[in-house]
Amino acid sequence: MSIPYNLLRVRIDTNAICSNYRKLHQAGGQAIAVVKSDAYGHGLKKVANALAQAGCTRMAVGTVDEAAYLRDCGFDGQIMALLGTHNAEEDLECLRRGIIPCITHVEQLQRLALTLQSQSAHKPFPLCLKFDTGMRRLGFAAAETPMVTGILRNAPGLRAVMVASHLATADTPEEEAFVHQQGREFTTICALLAETLPPFERCLANSAAILAFPDLHLDAQRPGIAMYGGNPFHATDWEELGAGLLPTMEVQAPVLQVRDLAPGDSVSYGRTFRATEPMRIAIVAAGYADAYSRGLSSATGNGPAMLLHGCRAPIVGRVCMQMTAVDVTHIPQTRSGDTAFLLGGTGTEAIRVEELAAWWGTISYEVYCMLGMNRR
Ligand SMILES: *Cc1c(COP(=O)(O)O)cnc(C)c1O
């Protein structure tokens, strides 16, 4: 999970994560902290421990293996496996370790019933039923509701403690109507299920819906990105709704060398950047092998930047495998050994994750997952 030999340093602010978590838990009423994919690159063990300390008793991961690891970390609260189980072995692992799998299709539910039968288990097997209301990814179709309740009626050991669905456009103001459509479909499905099933929790909202759609908070919510300080509404009309979340990840690398350029000099492979006047550049020890994307290369020096001495230092030329050049003409105190921030840093010019993501042509989620791999 980590690259031990590079010069990048990733710092995780678990206090900030906990503070964001509390804010979202308060807003929605019942937050299930989403810590899948190594807590969005922040480190599952460390994040889970901090959240548990902060009073979080419910977490969600993707795979059953992640869930088992979270148990191994000592978390004794509720764990959901969003990607569900895929064979009897995983079913039993969930049963044994108190992991709640999201069950998303009929064969899976039938297999689970069989697995449980073969065990003649005495305790009920809690599961989450996931319905598709518009993502067209995982989940039962609304029309399958009678089949689902039929299977559950004949498998008294299976206990649907939660019913969930996932929103496709909660972070996109122009697609608000689709959010409400999914919300209506979900509450209809839940009402139908409630006619035959014992009581269950309804869980629909992700970060964006917690912040923007109070009517969709229902019984429990699943905050992810906002817990890690990402504003789901960055660069939209609703940006204000996600303001005030604290940044949680900082990535730095040292300056290897500082050098002066004469007019006409070019920088890095392909000579894509050419100096038109005297300038000074710093060579920073971070490149695409460290998941600092080559897409951040700049032929103009007007786009992507790092932070040095509290000032923006724009990238010049192509990002290399382990090095990147930045313009420090306006930061003359820069020396080799200085710290350059790829993400974060202090002061008003600190680099926000959404900003880096926009330069990168992606979203905050991917920036975290990629740069997070440099954690040690
Ligand atoms: C990742 C994930 C979330 C969290 O979404 P954010 O947009 O990060 O808040 C919630 N639910 C499911 C099913 C997910 O996969």
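Placed above this text is the structure.
All of these numbers come straight from a predicted model, not from anything done at the bench.

K.L.:
How do you make sense of the pattern of salt bridges when you look at a structure like this?
P.N.:
Pairing is possible between side chains that carry opposite charge, provided their charged atoms lie close to one another. Counting across every chain of the model gives 12 salt bridges. When the shortest N-O distance is used, the salt bridge between arginine 312 and glutamate 349 registers 3.9 Å. With arginine 312 in strand E14 (residues 311-314) and glutamate 349 in the loop between strand E16 (339-343) and helix H10 (353-360), the pair connects residues that are 37 residues apart, well separated along the chain. Overall, the relative accessible area of 32% leaves glutamate 349 in the partly exposed class. Salt-bridge contacts for arginine 352 lead to glutamate 354; the nearest nitrogen and oxygen are separated by 3.5 Å. Residue classification places arginine 352 among the partly exposed residues on the basis of a relative accessible area of 35%. Residues joined by salt bridges that share partners form a network here, namely Arg312, Glu349 and Glu355.

K.L.:
Explain the environment of alanine 286 to me, please; I cannot follow it from the model alone.
P.N.:
Secondary-structure assignment places alanine 286 in the loop between strand E12 (279-284) and strand E13 (305-308). With 182 residues separating them in the primary sequence, alanine 286 and threonine 104 have C-alpha atoms 41 Å apart. If sequence neighbours within four positions are ignored, alanine 286 has contacts with Leu8, Ala253, Gln322, Met323, Thr324 and Leu342.

K.L.:
Where do I start with unusual backbone geometry in this structure?
P.N.:
With the exception of glycine, most residues fall at negative phi, and the peptide bonds are largely trans. Notably, tyrosine 40 is not glycine yet its phi reads approximately 50 degrees, a positive angle. Structurally, tyrosine 40 is set in helix H2 (residues 36-40). Within the chain, arginine 271 stands out as a residue other than glycine whose phi angle is a positive 55 degrees. With respect to the helices and strands, the residue arginine 271 is situated in the loop between strand E10 (266-267) and strand E11 (273-274). Look at arginine 271 and you get partly exposed, because its relative accessible area is 42%.

K.L.:
Looking at this model, I keep getting lost on the side chain of aspartate 290. Mind explaining?
P.N.:
Its location among the elements puts aspartate 290 in the loop between E12 and E13. Buried charged residue aspartate 290 carries no salt bridge. Nearest counter-charge: arginine 376, at 7.9 Å. Separated by 2.8 Å, the side chain of aspartate 290 and the backbone nitrogen of glycine 287 make a polar contact. Contact partners of aspartate 290, with chain neighbours within four places excluded, come to Asn6, Leu8, Ala285, Met321, Gln322, Leu371 and Asn374.

K.L.:
Which parts of the structure should I look at to understand the site of the ligand?
P.N.:
What surrounds the ligand is a group of 13 residues, the closest being Lys36, Tyr40, Ser207, Ile225 and Tyr365. Contact distances for the ligand include 2.5 Å between an oxygen atom and a side-chain N or O atom of serine 207. The protein chains hide 92% of the 390 Å² of surface that the ligand would expose on its own. The class makeup of the residues in the shell around the ligand is 6 nonpolar, 4 polar and 3 charged.

K.L.:
Explain a nonpolar patch on the surface to me, please; I cannot follow it from the model alone.
P.N.:
Taken together, the side chains of Leu7, Leu256 and Met323 present a nonpolar region at the surface, about 260 Å² in accessible area. Inspection of the secondary structure puts methionine 323 in the loop between E14 and strand E15 (324-327). Classification of methionine 323 by relative accessible area gives partly exposed; the value is 40%.

Cut-offs applied
- Residues numbered from 1 in each chain as written.
- Predicted model: local features only at pLDDT ≥ 70, side-chain atom pairs only at ≥ 80, totals over all residues.
- Heavy atoms only, no water.
- Salt bridge = Lys/Arg side-chain N within 4 Å of Asp/Glu carboxyl O.
- Helix = DSSP H or I, 4+ residues; strand = E, 2+ residues; numbered from the N terminus.
- Buried < 20%, exposed > 50% of the residue type's maximum accessible area, 1.4 Å probe, protein only.
- Contact = heavy atoms within 4.5 Å.
- Lys, Arg positive; Asp, Glu negative; His and termini not counted.
- Polar contact = N/O pair within 3.5 Å; in protein donor to acceptor, adjacent residues only side chain to side chain.
- Near = heavy atom within 4 Å.
- Areas by Shrake-Rupley, 256 points an atom, 1.4 Å probe, with all protein chains shown as cover.
- Nonpolar A, V, L, I, M, F, W, Y, C, P; charged D, E, K, R; others polar.
- Patch = residues over 30% accessible without salt bridge, like charges linked within 9 Å, V, L, I, M, F, W, Y side chains within 5 Å.

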